[in-house]
Amino acid sequence: MLGAGHCHLFKDKLIYKPPGTTGYLLHQDYTRYSFTGIPASDILSVMIPIDPATEQSGAITIFSGYTDKILPAPPGDPYAADPSAVNLDEGIMIELEPGDLLLFHSAAPHLSGPNLTHHPRRAAFITYNHGKYGQQYNHYYAGRESTYSNE
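Residues numbered from 1 in each chain as written. Predicted model: local features only at pLDDT ≥ 70, side-chain atom pairs only at ≥ 80, totals over all residues. Heavy atoms only, no water.

## Concerning the pattern of salt bridges
Following the criterion strictly, the structure yields three salt bridges and no others. Among the ionic pairs, D42 bridges to K132, the shortest N-O distance being 3.7 Å. Here K132 lies in the loop between strand 7 (121-130) and helix 1 (137-149) and D42 lies in the loop between strand 1 (7-17) and strand 2 (43-49), a separation of 90 residues in the sequence. Among the residues examined, D42 registers a relative accessible area of 10% and is labelled buried. A relative accessible area of 56% means that K132 is categorised as exposed. Residue R122 pairs with D51 through a salt bridge whose shortest N-O separation is 2.7 Å. Of this pair, R122 sits in strand 7 while D51 sits in the loop between strand 2 and strand 3 (60-62), placing them 71 residues apart in sequence. A residue is classified by how much of its surface remains accessible, and R122, at 31% relative accessible area, is partly exposed. (Salt bridge = Lys/Arg side-chain N within 4 Å of Asp/Glu carboxyl O. Helix = DSSP H or I, 4+ residues; strand = E, 2+ residues; numbered from the N terminus. Buried < 20%, exposed > 50% of the residue type's maximum accessible area, 1.4 Å probe, protein only.)

In structure tokens, the structure reads:
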């Protein structure tokens, strides 16, 4: 998607992990986006840390080499990815400082650990879709309600 023309804001959110908060299970963001019909390769997320993202605060770990497919889900959680589908020893923890940028593919499997510090870990996540699909922000948020209401 980079270098392929203009893009549109698809989604925006702030993650706030207070001290002691658990992490996120292995997942691919695209499982929440697929209802839009936009291919995974045309959706890109940007993480902008507000606080340091360290191993102790639950930094993201990304698993490369899996963006060409949606991983199987574990029983009972259609939006997670089965950890046995990746080599957990090959994850790359991405530690970031405030103002750094992490760009990642919507089908990149990732997880995060718990926040074991005494400080919150905040990060803005801005997601874009390729411009050829037009503005999808309202469509995503309208459809998002149905993906979360089925849980």
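## Re the environment of G143
Here G143 is to be found in helix 1. By relative accessible area, which is 14% here, G143 ends up buried. When the C-alpha positions of G143 and T36 are compared, they lie 7.9 Å apart, and in sequence the two are 107 residues distant.

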